[in-house]
Amino acid sequence: MVHLTRRYMFSASHRLHNPRLADGENSQIYGKCNNPGGHGHNYFLEVTVAGPIDPLTGMVVNLAELDGYVQSAILTPFDQTSLNGQPIFAKLVPTSENLCIEIHRILQEGWKELPSGKKARLQSVRLEETISNFFEYSGDAQ
Amino acid sequence: MIYLTRKAEFSASHYYHSPELSPEENRRIFGKCNNPLGHGHNYVLEVTVQGEIDPRSGMVVDLKDLKEILAREVMDIFDHRFLNEEVPEFRTRVPTTENLAVSIWRRIAPKLSFCALHRVRLYETPDLFVDYFGSTEKQ
């Protein structure tokens, strides 16, 4: 069993605001992240895959296949967008905690349809919001 | 129990080719990595050992011993080499980053008498790395 990690980047904006809270509470909880105009980050996403090494190819996962999947499932939909405008964040505050879990959920949904996904599993998703803040999620079962 | 990680960097060339596959299959699976003239990387290796802190020295491992093992078992063998032809196990095994990490584990684990090997992490590029925890995986 080997873990392979691939690192990707996308840029997006967000505003941390919960409409169920009063304006004063939002301001108190989220501070400058509650600024109505929003703000943006260059998010670095690390996707870790775990599986046996295929004896024929020497690989855990075909990288071109993984890159294509992450591109179409995550990077294309999220890059250069406002996260608050995404359907998944219609009722969910787009913190990086929630974004990390949503990315894991989206990747897991189509995983079994990947040719490499039959042998290798999605191990974890790690999301860097800044060089000082990062979040990691391995699914509920782990 | 404490973990200590030492980094080392080596540069090597390789190409991906499996003799069990046809030339067309090799090109399809490995893409530009199948170029027989090879290409190279600056690999960054992180070796993590685990053990108890020696109460007299305050250390989990003598860094000089660990550095010498890495120099002898990894750097002397992999650095500035063409992996497919100059490292014996890769005459018959594709020198992917996955297989390199396993090979490094097998070379250094038996040499560590004073502490246990926990993880071998090998970066092929800053955007791609592999972790190996030995044959029985630890989380």
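For clarity, every value in this text was computed on a predicted model and none was experimentally measured.

### Quick look at the overall build of chain A
Phase 1: Within chain A, the secondary structure is distributed over 3 helices and 5 strands.
Phase 2: Across the 142 residues in chain A, those meeting the buried criterion constitute 25%.

### Quick notes on the nonpolar core
Phase 1: Counting 47 residues, the largest nonpolar core has Val2(A), Val60(A), Ile103(A), Ala101(B), Ile104(B) and Leu122(B) as its most contacted members.
Phase 2: The element best represented in this core is helix H4 (residues 97-108) of chain B, accounting for 6 residues.
Phase 3: For Ala101(B), the residues in contact, after removing those within four places along its chain, are Val2(A), Val120(B), Leu122(B), Val130(B) and Tyr132(B).
Phase 4: Listed in part, the 5 residues of the second largest apolar core include Tyr16(B), Ile29(B), Phe30(B) and Val94(B).

### Description of unusual backbone geometry
Phase 1: For Gln80(A), which is not glycine, the phi dihedral falls at a positive 60°.
Phase 2: Not every positive phi belongs to a glycine, and His80(B) is a case in point at roughly 55°.
Phase 3: Assignment of secondary structure puts His80(B) in the loop between helix H2 (63-78) and strand E3 (81-82).

### What to know about helix H2 (residues 63-78) of chain A
In an α-helix, one turn spans 3.6 residues, which is why side chains three or four residues apart end up on the same side.
Residues and elements named next belong to chain A.
Phase 1: Of all the bends in H2, the largest measures some 45° and sits at Gln-71.
Phase 2: Looking at the packing, one finds that the buried side of H2 touches strand E1 (2-14), strand E2 (39-51), strand E3 (81-82) and helix H3 (96-109).
Phase 3: Gln-80 sits one or two residues past H2 and shows a positive phi near 60°.

### Quick word on the interface of chain B and chain A
Phase 1: The interface of chain B with chain A comprises 19 residues on the first partner and 14 residues on the second.
Phase 2: For the side of chain B that touches chain A, the secondary structure elements donating two or more residues are H4 and strand E5 (128-132) of chain B.

### Things to note about the confidence of the model for chain B
Residues and elements named next belong to chain B.
Phase 1: Averaged over all residues, the pLDDT of chain B is 93; the fraction at 70 or higher stands at 97%.
Phase 2: Ranking the elements of chain B by mean pLDDT puts helix H1 (residues 23-30) last, at 93, and E5 first, at 98.
Phase 3: Among the scores for the predicted complex, ipTM is 0.80 and pTM is 0.87.

### Structural notes on the packing of H2(B) against H4(B)
All names here are of chain B.
Phase 1: The interhelical angle for the contact between H2 and H4, taken along N-to-C directions, is 130°, at an axis separation of 10 Å. Here H4 runs oblique to H2, going by the angle between their axes. Note that H2 runs across H4; the crossing there is right-handed. For the pair H2 and H4, the contacting residues are Ile-69, Leu-70, Glu-73 and Val-74 in the first and Ile-104, Arg-107 and Ile-108 in the second.
Phase 2: Classifying every residue of the contact of H2 with H4 by side-chain character gives 5 nonpolar, no polar and 2 charged.

### Some details on the pairing of strand E2 (residues 39-51) of chain B
Residue and element names in this part refer to chain B.
Phase 1: Bridge count for strand E1 (residues 2-14) against E2 is 13 bridges, and the pairing is antiparallel. Across the sheet, residue Lys-7 finds its bridge partner in E2, namely Glu-46.
Phase 2: With 7 bridges joining them, E2 and strand E4 (residues 116-125) adopt antiparallel strand pairing. Note that in E4 the partner of Gln-50 across the bridge is Ala-116.

### With respect to the environment of Met75(B)
All names here are of chain B.
Phase 1: Structurally, the position occupied by Met-75 is in helix H2.
Phase 2: Taking the C-beta count within 10 Å as the criterion, Met-75 has 15 such neighbours and is therefore assigned partly exposed.
Phase 3: Distance in space between the C-alpha atoms of Met-75 and Ser-113 is 20 Å, their sequence separation being 38 residues.

### Describing H4(B)
Phase 1: Between its first and last C-alpha atoms H4(B) spans 17 Å; for 12 residues at 1.5 Å apiece the expected length is 16 Å, and the two agree.
Phase 2: Burial analysis of H4(B) places 10 of its 12 residues in the buried class, the great majority of the element.
Phase 3: Residues of H4(B) that are buried in the fold lie against E1 of chain A together with E2, H2, E4 and E5 of chain B.

Conventions and cut-offs
- Residues numbered from 1 in each chain as written.
- Chains lettered and ligands numbered in written order.
- Predicted model: local features only at pLDDT ≥ 70, side-chain atom pairs only at ≥ 80, totals over all residues.
- Helix = DSSP H or I, 4+ residues; strand = E, 2+ residues; numbered from the N terminus.
- Buried ≥ 20, exposed ≤ 12 C-beta atoms within 10 Å, placed from the backbone.
- Core = buried A, V, L, I, M, F, W, Y, C linked by C-beta atoms within 7 Å.
- Contact = placed C-beta atoms within 7 Å.
- Bend = angle between axes of the 7 residues up to and from the residue.
- pLDDT = per-residue confidence, 0-100.
- Axes fitted to C-alpha atoms, helices over the stretch in contact; angles between N-to-C directions.
- Parallel < 35°, antiparallel > 145°, perpendicular 65-115°, else oblique.
- Left-handed = near helix turned anticlockwise from the far one by under 90°.
- Nonpolar A, V, L, I, M, F, W, Y, C, P; charged D, E, K, R; others polar.
- Pairing = 2+ DSSP bridges.
- Expected span 1.5 Å × (residues − 1).

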